[in-house]
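What follows is each chain in one-letter form.
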Amino acid sequence: MSVLTVSSLAKRYRRGGKPFAAVDDVSFEINPAETLAVAGPSGSGKSTIAKLVLRLIEPDAGRIDFEGQDLLALSGATLRAKRAKVQMVFQDPLAAFNPRATVARVLDDPLRTHNIASRADRPRRIAALLERVGLDAGLAARAIHEISGGQRQRVAIARAIATRPSLIVLDEAVSALDVSVRGQILELLLDLQRQERIAYLFISHDLGVIRAVAHRVVILDAGRIAESGDARDVIAKPQSAIGKALVAATPRLIRNRP
Amino acid sequence: MTVLLSIRDLSVRYQRDGVAALKGVSLDVLAGERLAIIGESGSGKSTLALAVAGLLARGVEIGGRMDWFLPASAGAKAPLSVLPDISPSRGEIGSSVAGPLLAASKIGEGGDHSVISPLEGEMSGRTERGAKDRQPSALATSHPLLGRDIGFVFQDPSSSLDPVMPIGKQIAEVAHTHLHLTWREAIAKAKTLLERVRLPNLDATLHAYPHQLSGGQKQRVAIAAAIAAAPKLLIADEATSALDTIVQAEIVSLIRRLVAEDGMTLIFISHDIALAASLADRIAVLRHGELVELGETDQILNAPRHAYTRALLDAHLGLDAEPLFDRQGSPA
């Protein structure tokens, strides 16, 4: 059974007084331990889909089923319980955290809010989470603004996995990282996926990264799905105009490899 | 090829954290070349761009030499520029194409005899208390003027354009100031420039405000303003990093075309080695404020001499990237 099934999702905004469809008739599903990438140019609806799946905004039409339940029909305590199972990591971890918080505080929040660990048990759980994402437990006392960008994104991942989610929405989660750090973060995400069978909704503008981490890809154009399929196939032989344009625009590193 | 700018042993230290942003960097920028400067965050690539443009704030410690070899027409009789007191630590550099405009408008008002060259004093080093030795005036007069001799394109066009000034006026201001055109001529020039950067609806765009344009269109406007006075050198500092892939490719080809048409020298600052390689004749690799390697693009890609350059190349994920999930037991 799929973790997430999105059917005929639609979200309209008004721009300059005129209605426009940010997301229009979008359907897809993600299976356990699978990475579905969502690609497309700016304004194609990538981040709107992320917000809809996280229920940060409500759709105008369509259905979102998460672990077999109609997510849009949930409210109150049942919604809160489901929310623990859907986590998120954004592009800029500095903007995603209270900048004055310590690393420990950032990781304590989900453990407390979702009643995952008792107060006495939480320091041990925080240390284990840090270790799980490749950070020294001693980092717990540091302020969020004191640590490096790569460390901060590891903390964001630690916070996301604290509630043992079955789906993580990654919205341009590695786009702001240096390439040397980016590779390590992608390896960490894949390792977590293998171990915990987490599904990823991986939103990115970068087809190279998508090819490296995604099983399947959905390419959006003006809120609609232009094409979808196996990530390697779509990138090797895009069928839609926007898919072809994205592939053509991706910088190539032409090397005479030994 | 002739040398446009010779940089020797350039060191820059920001006072806010005491960290050396550049450590003894020496390189020549050749007239007419497209030079990419690449590196990761903290490598000093933007500091190098700001130093070349004379945009580093007054409190920044600078050591070393920068010698310019501009054609006689440029820099000879024009007034020296004012270094606007903008501090990178406050993030204000990013918020203004106004750098050149601000400097220019002060000169335009005339009568300000305290004008100094952007790097005068800065380059010759200053004591801890802020006293400064002036560089020999011969060197100072040959320093190029930002806006007239150097065009600068920043990463974020939303913050580099004035939000409450019409597009046409922002471009015309550069031509009015540096080319001494009348306003009517300058506006006509702005219209020509909008056409050159391929913006549609020229008359409407002249009167439009930045918020009415898309990110890519705003960057085209910023480029039009940067080249309005026909500078010898164009510096693009991560000028396409905030744009999506398709718009990025369009802006890179626009820069390539404009540089070729006007015979400009280009310094292209980027974190993306593949993007840099698509545009540059030569690539300089910076790391932790040091110049790691400088070579022809082909040599950097195919025969990198430094392990760090190889690591950057290997970390690139291109359209031929092997899926990571196929690799068994790869270390995290």
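Keep in mind the model is a prediction, meaning the values are calculated, not measured.

Observations regarding helix 5 (residues 167-178) of chain B
Residue and element names in this part refer to chain B.
No. 1: In a regular helix each residue adds 1.5 Å, so 12 residues correspond to 16 Å; helix 5 covers 18 Å between its end C-alpha atoms and thus fits that length.
No. 2: Every buried residue of helix 5 is listed here: I167, G168, Q170, I171, A172, E173, V174, A175 and H178.
No. 3: Downstream of helix 5 by a residue or two, H180 has a phi angle that is positive, lying close to 55°.

Focus: the packing of helix 5 of chain B against helix 8 (residues 215-226) of chain B
Two quantities define a packed helix pair, namely the angle between the axes and the distance from one axis to the other.
All names here are of chain B.
No. 1: It is the contact of helix 5 with helix 8, at a shortest axis distance of 8 Å, that shows an interaxial angle of 25°. Relative to helix 8, the element helix 5 lies roughly parallel. In this structure, helix 5 meets helix 8 at a crossing whose hand is right-handed. Residues I167, Q170, I171 and V174 of helix 5 touch helix 8, and the partners they reach there are V221, A224 and A225.
No. 2: Each residue belonging to the contact of helix 5 with helix 8 can be placed in one class, and the counts come to six nonpolar, one polar and no charged.

Here's the deal with the environment of A186(B)
Residues and elements named next belong to chain B.
No. 1: Tracing the backbone shows A186 in helix 6 (residues 183-196).
No. 2: Separated by 18 residues in sequence, A186 and G168 place their C-alpha atoms 9.0 Å apart.
No. 3: Filtering out sequence-adjacent residues up to four positions away, A186 remains in contact with A172, A175, H176 and L181.

Quick notes on the side chain of E33(B)
All names here are of chain B.
No. 1: Relative to the helices and strands, E33 resides in the loop between strand 2 (20-30) and strand 3 (34-38).
No. 2: Note on E33: relative accessible area 2%, which makes it buried.
No. 3: The contact partners of E33, leaving out residues within four places of it in the chain, are M1, D28, T265, L266, D281 and R282.

About the criteria used
Residue numbers here run from 1 along each chain, matching the order of that chain's written sequence. Lettering of chains starts at A and numbering of ligands starts at 1, both following the order in which they are written. This being a predicted model, a pLDDT of at least 70 is required before a residue's local features are given, and a value of 80 or more before pairs of side-chain atoms are given or counted; all residues contribute to the totals for chains, interfaces and linings. Each side-chain value is worked out from all heavy atoms of the structure, with water and hydrogens disregarded. What counts as a helix is a DSSP run of H or I of at least four residues, what counts as a strand is a run of E of at least two, and both are numbered from the N terminus. Helix span, expected: 1.5 Å multiplied by one less than the number of residues in the helix. Buried residues are those whose accessible area, probed at 1.4 Å on protein chains only, stays under 20% of the maximum for their type, while exposed residues exceed 50% and partly exposed ones sit between those limits. Axis definition: a line fit to C-alpha positions, over the contact stretch in the case of helices; interaxial angles, taken between N-to-C directions, run 0 to 180 degrees. Here the word oblique covers every angle except those under 35 degrees (roughly parallel), over 145 (roughly antiparallel) and from 65 to 115 (roughly perpendicular). Crossings are sorted by hand: turned counterclockwise from the far helix by less than a right angle, the near helix makes the crossing left-handed, and turned clockwise it makes it right-handed. In this analysis, two residues are considered to be in contact whenever any of their non-hydrogen atoms come within 4.5 Å of each other. Residues are sorted three ways: Asp, Glu, Lys and Arg are charged, Ala, Val, Leu, Ile, Met, Phe, Trp, Tyr, Cys and Pro are nonpolar, and all the rest, Gly among them, are polar.

Honestly, it's all geometry; don't read function into it.
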